[in-house]
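Observations on the model geometry
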Amino acid sequence: MKPLMRHIGLSALTLAVLSGCAATQNTTAQQTTMTHTAVSQPLVAPPTADTPLTIEQIMADPDWMGVSADGAYWSDDGKSVLFFRQPSASPLRNYYRLSVADGVTNELQLNELHLASQREGVFNQDKTRKAYVYQNNLFVKQLSSGKIEQLTRQNDSIDGVRFLNDGDLVYWQGSKVYRIHQDSGMVEQLADIQFAKAPEAVREPDTFLAKQNQRLIKFVAKQHDNAKALEQYKDQLQQQDPTMAAKPFYLGEKDALIELSVSPDARYLFLVLQDKTYKGRTDADVMPNYLDPEGHVGLVPVRARVAEDKLPGQRFVVLDLQSHQQQDVTLEGLSGYDEDVLAAVKAENAKAQGTTYKSEKKVRNIRLIEDWGWDQSPIQWQATKDTVAVMLEATDNKDRWIATVDLNKGKFQTQHRLHDDAWINYDHNQYGWLPGSDTLYYLSEQSGYSQLYLKPLTGKEKALTSGKFVVSDITLSPDSQYIYYKANKEHPGKYNIYRVDLQNGKDEQLTHWTGTLDYQLNPQGDTLLLTASALTQPNELYLQPIGGELKQLTHYTSKAFADYPWQAPQIIEVPSSHGAGKVYARLYLPQGFDAKRADKYPAVIFNHGAGYLQEVHYGFSDYYHEFMFNNLLTQHGYVVLDMDYRGSKGYGRDWRTAIYRNMGHPEVEDLKDGVAWMAKNANIDTQRVGTYGGSYGGFLTFMSLFTAPDLFQCGAALRPVADWAHYNAPYTSNILNTPDDDPIAYRRSSPIEHAQGLKNHLLILGGIEDDNVFFQDSVRMVQHLIELENPHFDMAYYPVEHHGFRQPSSWLDEYRRILRLFETDLKK
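Since we're looking at a predicted model, the values are computed, not measured.

1. Observations concerning helix 7 (residues 624-635)
Here helix 7 contains 12 residues, and its C-alpha end-to-end distance of 17 Å stays within 8% of the 16 Å for a straight helix at 1.5 Å per residue. Burial runs high along helix 7: 11 of the 12 residues are buried. Considered for burial, the residues of helix 7 that qualify are Tyr624, His625, Glu626, Phe627, Met628, Phe629, Asn630, Asn631, Leu632, Leu633 and Thr634. Gly637 occupies a position one or two residues after helix 7 and carries a positive phi of about 95 degrees.

Printed below as a string of structure tokens:
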């Protein structure tokens, strides 16, 4: 389940009731020095709000908080920063350029957008020219003068572009590849790839009747001779006429093109093909739209369910444009390509069904890796050589390979294999070549944490970083001396930027931020552009000269939001009684908190979504509605806990895979420890604790109320997964394998299999138009509870809402119901 990233608006709109609030806490970049609260430290009383929050305020259109600067990146000359801002209800973005020298920001007009330094682009060898695609057209920019030349004007999209070693430009559209000669401007078609059978050559007569006709009928013989002469003429013309385009490649009728990549000298194409009948869905994969514009019940196409989605392997092909030869790349060079990695799982399931399973070696389905966070290609050529590396994964999710390709023999050679008995991460897969060398750099979780490695093609790998922290977002410096990266070395919830010297291995911390941040290195390699946040401060843009002082560039958070005395959650460590070490959590305390008060406090636990997402950090939460709602709950007298249960991001491989084949059980154990911690340290009444959460958090609300029925007295499950067999294959098959291979894992992990345990009040809330967690999940769960004759649930549904709610009125209705649930059930 991908993290749900919600938009935080950033305009000057405010709510009047908040605009007059006193500023008792205003966290800035210079003030974010909070350290995490250890278990033994005293809890800090929260600030007092002069004006209490209301549901209507915090669920209003989020633009009152301010409209953030999103998608920020450096201009090509490094003198300015470009970004966009988009009000929450607007379908359109406004684009801006901010001058680094004077801080002046100008809005870009529509006729200027093609002139802006585009974020995506490729450079020639000496980095004097940049090519990029804007609105389906190809442009080239002279970096010294800033002059821009438009090379195409068309509506058909361009799929890729690269500079060749000689400075010519290559681009491809669909299955056709073109070269633009820089000296003449001529456009040459390098390759025409057709998914059809090759035309048959003129055949010699090979049957008795055909030979007889050829011998006896002069007209038939003449026709045959003419056809052969014309065929020979065309072949000779193709070979000898320099003005002719290359003849097509025919790759058969079974496959479709998935990805294409061109070598630096344009001799080779590396192709990735897939069975063209696979669409990722069938005609039966639809959901109803009850508010169709025409007034009918519309049918909306949706993705397939993991129980039915049969993800195929892919076919890899090398085309030699010089010799016009084509060959498939065989898989034998991938170590473990035919291992039965699911043997133990299949044997366990077979035994449960009263049968036996015999393990046999079999070629696995292997594909290009899909990383959910990167924007690079999994196909990486050396800058000046015909050497290509490819990152691959098995569809059983147990292996990741970095392999080079023998382009002449059509074979993979394994450079690095990352195997995991649970599943390979769909994040932390960046890799590439060190310029001017035969050395690869890459991220790997092989140590238990994502770390940075080097690997010469003919040598052993070397770790550049090590430790119990997570390395991500690597960037090679312009001079190739350093690799920059982001890591949470000091604390799992504190992120900073570092760099390692490739010559001597020296590791250097470049930022000293307390919170979360993303970065971009400027083209000169001496300044970082940061998008950073703190506990009560949404993202703003900052400049961090390497070795210099931090400078804030934007101030888009509204005064109303910044001036309100939000309670910054305290980051605590909850000891695990289930062998998990410690569970990090955000703690919110009621106003006027008294640890010795005779009347114990009610409490609520919020469960974040996505599963693999980090919520407990020192930055501003992506769940900003819930951040404000948790503040409101404290004003109503609740203790609130927000936990990074097992499976969450930021804590390494073992924490991530603790839920393998067992979703919902380790996490509920962590929630139990959270309640126990609050009882011991925050003076709560364990008989008055509720829980809520959306998506994966809704799933955990189900699982906790069903499998630990005395833990919570009530719970609200928002857009919840009720049956993992109905969720998508890319996410679910990582953790639970597939229902065909591992029905035990699905029965163990799906809430609908445990619904008979419900004994306390459950509120189910979902959007009917949800194409991520289908509304059908909630419908099936409700019918199951009805048939169980269970009276302890209610349901609210939202006709216009998708997975991430969009309408303020829906947010308001949803959280008004959740608050009423807590106020009714936890304050008896």
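2. A word on the nonpolar core
Val639, Met663, Met678, Tyr696, Trp724, Leu762 and Met781 are the most contacted members of the largest nonpolar core, which totals 73 residues. No other element matches helix 10 (residues 696-707), which puts seven residues into this core. With sequence-adjacent residues up to four places away left out, Met781 is seen in contact with Phe702, Phe706, Ala722, Pro751, Ile752, Ala755 and Ile764. Ala60, Trp566, Phe627 and Tyr638 belong to the second-largest nonpolar core, a separate cluster that totals 43 residues.

3. Some thoughts on the packing of aromatic side chains
The way to describe two aromatic rings as a pair is by their centre distance and the angle between their planes. Counted by the stated rule, this structure contains 45 aromatic pairs. The interplanar angle of 70 degrees and the centroid separation of 5.0 Å between the aromatic rings of Tyr696 and Phe699 together place this pair among those described as edge-to-face. Of this pair, Tyr696 and Phe699 both sit in helix 10, three residues apart, which is roughly one turn of the helix. Take Tyr696 and Phe699: they sit in the same class, and that class is buried.

4. Side note on a nonpolar patch on the surface
A cluster of nonpolar residues, Tyr290, Leu291, Val297 and Val800, forms a patch on the protein surface that exposes about 400 Å² of accessible area. Looking at the element boundaries, Val297 is found in the loop between strand 16 (286-289) and strand 17 (298-301).

5. Details of unusual backbone geometry
For Arg719, which is not glycine, the phi dihedral falls at a positive 35 degrees. Considering the arrangement of structural elements, one finds Arg719 in the loop between strand 42 (714-718) and helix 11 (729-736). You will see that Asn737, though not glycine, has its phi angle at about 60 degrees, which is positive. By the element assignment, Asn737 lies in the loop between helix 11 and helix 12 (743-749). Judged by its relative accessible area of 3%, Asn737 is buried.

6. Observations concerning the sheet that holds strand 12 (residues 187-194)
Pairing is mixed in the open sheet, where five strands are placed in the order 9-10-11-12-13. Both edges of this open sheet fall to strand 9 (160-163) and strand 13 (249-250), since each of them pairs with a single strand only. For strand 11 (residues 176-180) and strand 12, the ladder comprises five bridges, and the chain directions are antiparallel. In the strand pairing of strand 12, Tyr178 is matched with Gln189.

7. Focus on the confidence of the model for the protein chain
Mean pLDDT over the protein chain works out to 92, with 94% of the residues at or above the 70 mark. In the model, residues 2-40 has pLDDT below 50 throughout and makes 126 contacts with residues more than four positions away in sequence or in other chains.

8. Digging into the side chain of Asp340
Looking at the element boundaries, Asp340 is found in the loop between strand 19 (325-328) and helix 5 (343-352). Buried and unpaired, Asp340 has no salt bridge, with Lys346 as the nearest side chain of opposite charge at 4.4 Å. Within polar-contact distance, the side chain of Asp340 engages the side chain of Tyr357 at 2.7 Å. At 2.8 Å, the side chain of Asp340 forms a polar contact with the side chain of Ser359. Filtering out sequence-adjacent residues up to four positions away, Asp340 remains in contact with Lys346, Tyr357, Ser359 and Glu360.

9. A look at the pairing of strand 10 (residues 169-173)
Buried residues dominate strand 10, accounting for five of its five residues. Side-chain alternation along strand 10 places Leu169, Tyr171 and Gln173 on one buried face and Val170 and Trp172 on a second face that is also buried. In terms of strand pairing, strand 9 meets strand 10 through four bridges, oriented antiparallel. Residue Arg162 lies in a different strand from strand 10, and its bridge partner there is Val170. Between strand 9 and strand 10, which follow one another and run antiparallel, lie five residues, and Gly167 among them has a positive phi close to 95 degrees. The sheet contact formed by strand 10 and strand 11 spans five bridges and is antiparallel. Residue Val170 lies in a different strand from strand 11, and its bridge partner there is Arg179. Between strand 10 and strand 11, which pair antiparallel one after the other, the connecting turn spans two residues, and Gly174 there sits at a positive phi close to 60 degrees.

10. A look at the environment of Ser533
Looking at the secondary structure, you find Ser533 in strand 34 (residues 527-534). Given the relative accessible area of 1%, Ser533 is considered buried. Put simply, Ser533 and Val390 are 143 residues apart on the chain and 35 Å apart in space, counted from C-alpha to C-alpha. Setting aside residues no more than four positions away along its own chain, Ser533 makes contact with Trp513, Thr514, Gly515, Thr516, Pro538, Asn539, Tyr618, Gly619 and Phe620. Reaching out from Ser533, the side chain makes a polar contact with the side chain of Thr516 at a distance of 2.9 Å. A distance of 2.8 Å separates the side chain of Ser533 from the backbone nitrogen of Phe620, its partner in a polar contact.

11. Here we look at the packing of helix 7 against helix 14 (residues 808-825)
Here helix 7 crosses helix 14 at 35 degrees, and the two axes come no closer than 12 Å. Here helix 7 runs over helix 14; the crossing is right-handed. On the side of helix 7, the interface is formed by His625, Glu626, Phe629, Leu632 and Leu633, while helix 14 contributes Trp811, Tyr815, Ile818, Leu819 and Phe822. The residue inventory of the contact of helix 7 with helix 14, partitioned by class, reads eight nonpolar, one polar and one charged.

12. Considerations on the environment of Trp401
Tracing the sequence through the fold places Trp401 in strand 23 (residues 399-406). Counting along the chain gives 358 residues from Trp401 to Leu43, while the straight-line C-alpha distance between them is 47 Å. Polar contacts involving the side chain of Trp401 include one to the main-chain carbonyl oxygen of Ser335, which spans 2.8 Å.

13. Details of the pattern of salt bridges
Scanning the model with the defined rule gives 42 salt bridges in all. One salt bridge connects Lys559 with Asp563, and the closest N-O pair in it is separated by 2.4 Å. One end of the pair, Lys559, and the other, Asp563, are both in helix 6 (residues 559-563), four residues apart, so they sit about a helical turn from each other. The exposure class assigned to Asp563 is buried, which follows from its relative accessible area of 12%.

14. Topic: helix 14
With 18 residues, helix 14 extends 26 Å from end C-alpha to end C-alpha; this agrees with the ideal 26 Å at 1.5 Å per step. All of the buried residues along helix 14 are Ser810, Trp811, Leu812, Glu814, Tyr815, Ile818, Leu819, Leu821, Phe822 and Asp825.

15. A word on the side chain of Asp371
Note that Asp371 resides in the loop between strand 20 (366-368) and strand 21 (379-381). Buried charge Asp371 goes without a salt bridge, the closest partner of opposite sign being Arg400 at 7.1 Å. A distance of 3.1 Å separates a polar atom in the side chain of Asp371 from the backbone nitrogen of Trp374. Here the side chain of Asp371 touches Asn429 through a polar contact of 2.9 Å, side chain to side chain. With residues near it in sequence (within four places) discarded, Asp371 still touches Tyr426, Asp427, His428 and Asn429.

Reading guide: rules and limits
Residues numbered from 1 in each chain as written. Predicted model: local features only at pLDDT ≥ 70, side-chain atom pairs only at ≥ 80, totals over all residues. Heavy atoms only, no water. Helix = DSSP H or I, 4+ residues; strand = E, 2+ residues; numbered from the N terminus. Expected span 1.5 Å × (residues − 1). Buried < 20%, exposed > 50% of the residue type's maximum accessible area, 1.4 Å probe, protein only. Core = buried A, V, L, I, M, F, W, Y, C linked by side-chain atoms within 4.5 Å. Contact = heavy atoms within 4.5 Å. Phe/Tyr/Trp six-rings, centres within 6.5 Å; stacked < 30°, edge-to-face > 60°. Patch = residues over 30% accessible without salt bridge, like charges linked within 9 Å, V, L, I, M, F, W, Y side chains within 5 Å. Areas by Shrake-Rupley, 256 points an atom, 1.4 Å probe, with all protein chains shown as cover. Salt bridge = Lys/Arg side-chain N within 4 Å of Asp/Glu carboxyl O. Pairing = 2+ DSSP bridges. pLDDT = per-residue confidence, 0-100. Lys, Arg positive; Asp, Glu negative; His and termini not counted. Polar contact = N/O pair within 3.5 Å; in protein donor to acceptor, adjacent residues only side chain to side chain. Axes fitted to C-alpha atoms, helices over the stretch in contact; angles between N-to-C directions. Left-handed = near helix turned anticlockwise from the far one by under 90°. Nonpolar A, V, L, I, M, F, W, Y, C, P; charged D, E, K, R; others polar.

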